[in-house]
Amino acid sequence: MKRAGQITIFVLCVLFSVSAAVNVMADNSEVERAAAAVACGEQGPNCRAQVTRLERTPFGQTFEMVTPKRTVDVVCRRAFVMVGEHACKLR
């Protein structure tokens, strides 16, 4: 019984580590597009949001973006702690 608990904890640690690495190092172009859409808001289709700062952690991504009318911070987090689709909102 003790051995099964140790194996379970080991597997959970490995899964957590792999998920954290994927969240930090994987391609984030879709997340960046979603953040740009939130940053532009209702500025129209000609709005071009430019990333001036990016912070990536295992739990989410934070963008500082400059649009033609303003500078905003956009936070994108996953639906669950480290898995699921990203949802972006203004900070």
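Residues numbered from 1 in each chain as written. Predicted model: local features only at pLDDT ≥ 70, side-chain atom pairs only at ≥ 80, totals over all residues. Heavy atoms only, no water.

Participant: What exactly am I supposed to notice about the nonpolar core here?
Facilitator: As a rule of thumb, soluble globular proteins bury nonpolar side chains together. V31, A35, A36, A39, F63, M65, V72, V74 and C76 form the largest nonpolar core, which has nine residues in total. If you list the elements that add at least two residues to this core, you get helix 2 (29-40), strand 2 (60-66) and strand 3 (71-78). When residues of this core are assigned to their parent elements, the largest contribution, four residues, is made by helix 2. Non-local contacts of V74, meaning those with residues more than four positions away in its chain, are made with A35, V38, A39, Q61, T62, F63, C88, K89 and L90. (Core = buried A, V, L, I, M, F, W, Y, C linked by side-chain atoms within 4.5 Å. Buried < 20%, exposed > 50% of the residue type's maximum accessible area, 1.4 Å probe, protein only. Helix = DSSP H or I, 4+ residues; strand = E, 2+ residues; numbered from the N terminus. Contact = heavy atoms within 4.5 Å.)

Participant: In this structure, what is going on with helix 2? I would like to understand it.
Facilitator: Turn by turn, an α-helix covers 3.6 residues, leaving residues three or four places apart pointing in a common direction. Across its 12 residues, helix 2 extends 16 Å between first and last C-alpha, which sits within 8% of the 16 Å expected from 1.5 Å per residue. Those residues of helix 2 not exposed but buried are V31, A35, A36, A39 and C40. Along the long axis of helix 2, the arc covered by the buried residues comes to 165°, so they all point the same way. Turned more than 90 degrees away from the buried face of helix 2, the exposed residues are E30 and R33. Along its buried surface, helix 2 packs onto strand 2, strand 3 and strand 4 (86-90). A positive backbone phi angle near 55° is found at G41, which sits one or two residues after helix 2. (Expected span 1.5 Å × (residues − 1). Arc of directions from axis to C-beta.)

Participant: Even after reading the chapter, I still don't get the state of the cysteines, so can you show me in this structure?
Facilitator: Cysteine pairs can be linked by a disulfide, which is a covalent bond between their two sulfur atoms. A full pass over the atoms with the stated rule returns two disulfides. Put simply, C40 and C47 are joined by a disulfide, and their sulfur atoms are 2.1 Å apart. Between C40 and C47 the disulfide shows an S-S torsion of about -80°. By sign, it is left-handed. A relative accessible area of 9% places C40 in the buried class. What pairs with C76 in a disulfide is C88, and their sulfur atoms sit 2.0 Å apart. Given an S-S torsion of about 105°, the disulfide between C76 and C88 has right-handed geometry. Residue C76 is located in strand 3, and its partner C88 is located in strand 4; the two are separated by 12 residues in the primary sequence. Here C76 falls in the buried class, since its relative accessible area comes to 0%. Cysteines bonded in the chain are numbered consecutively along the chain; their disulfide partners then correspond to 1-2, 3-4. (Disulfide = S-S within 2.5 Å.)

Participant: Please explain the pattern of salt bridges as it appears in this structure.
Facilitator: Side chains that carry opposite charge are capable of pairing whenever their charged atoms lie near each other. Scanning the model with the defined rule gives two salt bridges in all. R53 serves as the salt-bridge partner of E55, at 3.7 Å between the closest nitrogen and oxygen. Classification of R53 as partly exposed rests on a relative accessible area of 29%. The network of salt bridges with common partners includes R53, E55 and D73. (Salt bridge = Lys/Arg side-chain N within 4 Å of Asp/Glu carboxyl O.)

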